[in-house]
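Take a look at the letters that make up each chain.
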Amino acid sequence: MDPQLSPTAYSDLFKSETWKHTILFSFQSLGVLYGQLSSAPLYVLVTVPQKDFASEETVYGLFSFIFWTMTIISLLKYALLVLRADDDGEGGTFALYSILCRHAKVGLLPNDRSANEVMHYEEGSPYKTKVESRARRAIAKHKSSHYLMLFLALFGACMAIGDGVLTPSLSVLSASSGLGRSLSSITFSHSKTRQDKISKALKEYVPVPSACAILVCLFMLQHYGTHKIGFIFAPIVIIWLSFISGVGIYNIFRWNRHIFYALSPTYMYKFVMNTHVDGWRSLGSIILCVAGSEAMFASLGHFSKKSIKITFICLIYPVLVLCYAGQAAYISKNLDVEGFNHLSESVPRHFRHIFVAFSILASAVGSQATITASFSIINQCLALGCFPRVKVIHTSDKIHGQVYIPDINWLLMVLSLTVTLSFHDIVKIGSATGLAVVSGMLVTTCLMSLVIALYWEKNFLESVCFLIFFGFVEALYVSACMMNFHKGAWYLVVLFVLSFTVMLSWHYGTMKKYEFDLENKVSIEWLTDLSPGLGVSRVPGIGFIYTDIVTGIPAFFSHFVTNLPAFHQVLIFVSFKSLPVPCVHPSRRYLIGRVGHREYKIYRCVVRCGYRDNIRDSDDFEEQIIRSIGEFISLEENDSESLISPEGRMIVVGKPSPDGKALVPLEDSQSYVGSPNFMNDENQRSPTCETSERGFPPVKKKKVRFMLPPDSPKMRVSVREELQELVDARESGTAYFLGQSHLTVRDGSNFIKRFLIMTYTFCDKNSREPPVALNIPHAALVEVGMVYTI
């Protein structure tokens with residue numbers, strides 16, 4: 001059973017969404033998407049220095065900025081506009097980039113160069129490119145625009161990762177500081193001096209250790225998946241929202257009923273005109289009120305758009321407005337109280353200890369949105385060739401955006417703990433978080449404006465207006481955040497440099513390897529016509545050769561045959577092509593073609609997958625390819641082009657039906673997966689061929705056997721014979737050939753090139769091994785080493 005949903009199936013799932021499904025998704029989204037927005041009141045006004053609250057009018061100005069920032073960015077931009085630009089249910093900067101890759105031809109990824117060639121065979125695809133327009137031709141013509149869009153996509157991904165590191169630390173530490181204040185208020189000692197010392201010690205030493213403990217627990221829960229975490233965290237968020245909205249209403253009526261006058265934009269104007277440099281810096285903290293809006297879009301693959309919009313508009317937005325209004329009302333009348341800008345101070349004294357307990361839980365939930373968004377973004381980067389190989393676990397068989405990446409989870413945990421222990425200051429962490437939030441939003445604005453013009457095909461003026469309006473608002477906040485560069489925002493730059501270097505190096509190394517393979521591939525004639533003169537023998541069995549190129553023979557396999565002149569009676573060249581689409585429908589997933597004449601029994605299989613597909617880890621992947629080739633053999637007789645084209649026309653073969661048409665699968669049987677036959681003779685090994693065999697004993701594995709269908713006599717004799725040879729070869733055993741590349745840089749190369757290749761090599765050696773990523777049994781693996789000089 002294929003656990004992946006097709007784009008059509010995904011669309012049908014949410015098009016047929018009933019109100020019960022909407023309520024269910026809305027409930028889960030509370031525990032995953034909206035935790036960060038809901039817990040933002042814990043640290044928005046706390047990170048504003050108390051000296052910047054000069055007067056009551058200043059408080060009105062700050063609240064006015066909070067209200068209009070939430071209205072313009074969270075409500076208008078994201079909930080009403082950006083969520084419409086999903087890539088078949090997937091969101092985030094890379095989803096926008098993949099849309100532009102398909103419809104504006106700006107792809108720079110290696111796989112994109114063959115995407116048109118591969119998609120040429122596909123009919124009835126839901127991802128048809130738009131008709132050429134003047135703007136689209138202009139962008140496709142200028143290579144610099146391609147590099148700029150890739151930079152924006154990588155930059156936005158790095159900001160999302162940085163947010164995933166900083167927000168958990170900020171959110172949990174702000175709640176833990178409330179715990180320290182609460183504990184200090186209940187201490188009792190006969191000596192006032194001693195009591196002051198105890199209170200000071202609790203405020204100073206309790207927040208950081210408790211925050212670290214909460215962070216460890218939070219990241220240890222991630223392996224349960226979005227579905228379970230949503231159900232666990234959603235009740236917490238509901239209780240928290242009810243509590244803070246109630247406190248907000250109480251403070252409005254108790255302290256300042258005129259606080260809603262501050263909704264007038266005139267108070268923002270007065271704040272800008274009357275404030276000084278320090279006051280402008282405080283806007284870098286105000287932008288935190290919309291932290292979580294970008295995660296709402298990036299995590300779109302986890303839930304339906306309908307549930308996200310309804311939950312935000314009907315619940316999150318009005319509750320947060322009431323909460324911030326109540327906090328501003330309290331501050332405006334209590335500027336002389338110690339710690340007046342802490343949310344806990346505005347809570348009635350009888351409920352403060354309950355508030356502390358809820359705030360700690362809410363802060364943990366608030367970190368979930370950015371962690372989930374980080375998983376989604378990295379999964380997209382990985383599939384599009386911009387991130388080192390890591391293990392991706394799909395935690396749901398129905399919603400394929402729900403993923404968990406163990407390596408990234410533990411890395412985020414370590415970095416968040418490092419931030420908490422190093423800074424242990426909410427203001428400094430808030431400065432870095434604010435810059436990460438608004439920078440990611442600015443990238444989305446730039447890419448979204450291009451989507452409006454090139455994909456939605458709206459008037460060019462509409463695209464420009466979107467860019468200018470939202471870009472101007474976000475640019476103002478960027479300027480405010482950059483003024484806090486020395487107060488903690490510099491740490492985000494360090495995170496960006498590290499993550500961007502890894503992504504850029506991986507993309508550069510992957511691109512150079514692909515170009516080397518294209519330049520050094522061997523013609524089909526070399527293998528089919530010249531190899532008999534080299535004394536090459538055919539041995540029983542099937543050989544799978546994994547390669548990135550879709551034409552010709554890869555250099556590493558010709559290197560292998562030259563030094564060890566033997567290969568299997570059936571050869572299958574397998575290529576994975578990650579297309580810039582979320583999913584490829586199973587009926588259009590496999591492209592099967594023939595290499596050389598029929599008697600050579602050499603086939604090519606191009607497996608097309610989107611960045612949300614997960615087919616390489618499938619245990620029955622080998623069986624799917626063999627059955628697809630069987631379907632190809634039976635269909636080929638009716639395709640005249642396939643018989644006259646030089647390398648054989650590639651035919652789209654969908655996932656075969658369980659009963660099979662050309663090959664019928666039998667019951668699973670126990671089989672030993674071992675090394676290929678010709679590798680058992682030690683005397684045939686060549687010292688010049690760097691062939692790696694793992695010293696693992698044969699592994700007992702479930703193996704599906706095949707037979708011809710009962711009505712096989714109706715088949716043509718040639719088709720029946722070829723299918724029988726395929727079945728016999730499968731029974732003889734299977735071997736997997738994989739190129740093991742070693743990149744070296746030519747003498748005289750500049751420092752940047754050397755550094756990028758060195759970083760790529762380091763990541764390649766320390767990332768997930770290709771055989772593991774492809775689910776290849778070690779005992780049947782043959783790795784052929786090649787030196788790539790670039």
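Please read these numbers as outputs of a predicted model, since none were measured by experiment. (Residues numbered from 1 in each chain as written. Predicted model: local features only at pLDDT ≥ 70, side-chain atom pairs only at ≥ 80, totals over all residues. Heavy atoms only, no water.)

Here we come to the overall build of the chain. The helix and strand tally for the chain stands at 30 helices and 12 strands. Looking at the chain residue by residue over its 790 residues, the buried ones come to 61%. Summarising the internal contacts of the chain: among those between residues at least 6 apart in sequence, 86% fall at separations of at least 24. Carbon together with sulfur atoms contributes 61% to the accessible area of the chain, which is approximately 31900 Å² in total. (Helix = DSSP H or I, 4+ residues; strand = E, 2+ residues; numbered from the N terminus. Buried < 20%, exposed > 50% of the residue type's maximum accessible area, 1.4 Å probe, protein only. Contact = heavy atoms within 4.5 Å. Areas by Shrake-Rupley, 256 points an atom, 1.4 Å probe, with all protein chains shown as cover.)

This paragraph deals with a nonpolar patch on the surface. Together, Met482, Phe485, Trp490, Val493, Val494, Val497 and Leu498 line one region of the surface with nonpolar side chains, adding up to about 580 Å² of accessible area. With five residues, the single largest contributor to the nonpolar patch is helix α23 (residues 490-519). Counting through the fold element by element, methionine 482 comes out in helix α22 (residues 460-482). (Patch = residues over 30% accessible without salt bridge, like charges linked within 9 Å, V, L, I, M, F, W, Y side chains within 5 Å. Salt bridge = Lys/Arg side-chain N within 4 Å of Asp/Glu carboxyl O.)

With that settled, consider the packing of aromatic side chains. Applying the stated criterion to the full structure yields 31 aromatic pairs. Geometrically, the ring pair formed by phenylalanine 516 and tyrosine 788 is stacked, given 4.3 Å between the ring centres and 25° between the ring planes. With phenylalanine 516 in helix α23 and tyrosine 788 in strand β12 (residues 781-789), this residue pair connects regions lying 272 residues apart in the sequence. Residue classification places phenylalanine 516 among the buried positions, given a relative accessible area of 13%. Here the aromatic residues Phe557, Phe560, Phe567, Phe573 and Phe737 are joined through ring pairs into a cluster of three or more. Above the plane of the ring of tryptophan 255 lies arginine 254, whose end atom (NZ or CZ) is 4.1 Å from the centre. If you follow lysine 270 out to its NZ or CZ, it ends over the ring of tyrosine 267, 5.2 Å from the centre. (Phe/Tyr/Trp six-rings, centres within 6.5 Å; stacked < 30°, edge-to-face > 60°. Lys NZ or Arg CZ within 6 Å of the ring centre and 35° of its normal.)

Moving on to helix α4 (residues 56-81). Because each turn of an α-helix spans 3.6 residues, side chains separated by three or four positions end up pointing in the same direction. Over its 26 residues, α4 extends 35 Å from the first C-alpha to the last, a length consistent with the 38 Å expected when each residue adds 1.5 Å. The largest bend along α4 measures about 30° and falls at leucine 75. Buried residues dominate α4, accounting for 20 of its 26 residues. (Expected span 1.5 Å × (residues − 1). Bend = angle between axes of the 7 residues up to and from the residue.)

The next thing to look at is the state of the cysteines. Applying the stated criterion across every chain yields a total of zero disulfides. Between cysteine 386, a cysteine without a disulfide, and cysteine 381, which holds the nearest cysteine sulfur, the sulfur-to-sulfur distance is 6.2 Å. (Disulfide = S-S within 2.5 Å.)

This part is about the nonpolar core. Residues Tyr34, Val44, Phe94, Ile286, Phe312 and Tyr324 are the most contacted members of the largest nonpolar core, which totals 168 residues. Among the elements that make up this core, the one with the highest residue count is helix α9 (residues 143-185) (18 residues). (Core = buried A, V, L, I, M, F, W, Y, C linked by side-chain atoms within 4.5 Å.)

So, about the packing of helix α20 (residues 406-423) against α23. Viewed as axis vectors pointing N to C, α20 and α23 meet at an angle of 155°, and their least axial separation amounts to 13 Å. In terms of orientation, α20 and α23 fall into the roughly antiparallel class. Once α20 is placed against α23, the crossing between them reads as right-handed. Residues Leu415, Val419 and Phe423 of α20 lie in contact with α23, whose contacting residues are Trp490, Tyr491 and Leu495. Class assignment of the residues belonging to the contact of α20 with α23 gives a composition of six nonpolar, no polar and no charged. (Axes fitted to C-alpha atoms, helices over the stretch in contact; angles between N-to-C directions. Parallel < 35°, antiparallel > 145°, perpendicular 65-115°, else oblique. Left-handed = near helix turned anticlockwise from the far one by under 90°. Nonpolar A, V, L, I, M, F, W, Y, C, P; charged D, E, K, R; others polar.)

Right, let's get into the pattern of salt bridges. This structure, assessed with the given rule, holds 10 salt bridges. Salt-bridge contacts for glutamate 56 lead to lysine 333; the nearest nitrogen and oxygen are separated by 3.5 Å. Placement of glutamate 56 in helix α4 and of lysine 333 in helix α17 (residues 305-333) is noted, with a sequence separation of 277 residues between them. Looking at glutamate 56, the relative accessible area reads 28%, which means it is partly exposed. Residue class for lysine 333 comes out partly exposed when judged on its relative accessible area of 40%. The salt bridge partner of glutamate 722 is arginine 594, with a shortest N-O separation of 2.7 Å. Separated by 128 residues along the polypeptide, glutamate 722 in helix α28 (residues 717-732) and arginine 594 in strand β5 (residues 590-594) bring together distant segments of the chain. Here glutamate 722 matches arginine 594 in class, with each residue buried.

A few words on the environment of leucine 173. Within the fold, leucine 173 resides in helix α9. With 34 residues separating them in the primary sequence, leucine 173 and proline 207 have C-alpha atoms 6.2 Å apart. Every residue in contact with leucine 173, bar those within four places of it in the chain, is listed here: Pro207, Val208, Ala211, Thr420, His424, Asp425, Ile426 and Ile429.

The subject of this paragraph is the side chain of threonine 93. Tracing the sequence through the fold places threonine 93 in helix α5 (residues 93-104). Looking at threonine 93, the relative accessible area reads 2%, which means it is buried.

Contact pair α4 / α17: the axes reach a minimum separation of 9 Å and the direction vectors enclose 170°. When the interaxial angle is binned, α4 and α17 end up roughly antiparallel. Along the contact surface, α4 presents Glu56, Val59, Tyr60, Phe63, Ile66, Phe67, Met70, Thr71, Ser74, Leu75, Ala79 and Leu80, while α17 presents Lys309, Phe312, Ile313, Tyr317, Leu320, Val321, Tyr324, Ala325, Ala328, Ile331, Ser332 and Lys333.

Here we come to the pairing of strand β6 (residues 602-609). Burial runs high along β6: eight of the eight residues are buried. Pairing analysis gives eight bridges linking strand β4 (residues 566-578) to β6, with the strands arranged parallel. Note on β6: the bridge partner recorded for valine 574 is cysteine 605. One ladder, built from five bridges, connects β5 with β6; its direction is antiparallel. When the bridges of β6 are listed, leucine 591 appears paired with valine 606. (Pairing = 2+ DSSP bridges.)

Counting buried positions over the 13 residues of β4 gives 12, a clear majority of the element. By the bridge criterion, eight bridges tie strand β3 (residues 537-546) to β4 in an arrangement that is parallel. In the sheet register, tyrosine 546 faces β4, and the bridge partner there is valine 574.

In this section: the confidence of the model for the chain. Overall, the prediction assigns the chain a mean pLDDT of 78, with 78% of residues at 70 or greater. Ignoring residues within four places in sequence, the model shows residues 119-127, a span with pLDDT below 50, making 20 contacts including any to other chains. Confidence over residues 641-646 falls short of pLDDT 50; this stretch has six contacts with residues more than four positions distant or in other chains. (pLDDT = per-residue confidence, 0-100.)

Let's shift gears to the side chain of glutamate 474. As for its position among the elements, glutamate 474 is in helix α22. For glutamate 474, a relative accessible area of 0% translates into the label buried.

Taking 1.5 Å of rise per residue, the 16 residues of helix α26 (residues 621-636) would be expected to cover 22 Å, and the 22 Å separating its terminal C-alpha atoms lies within 8% of that figure. Among the 16 residues that make up α26, 14 are buried, leaving the element largely enclosed by the rest of the structure.

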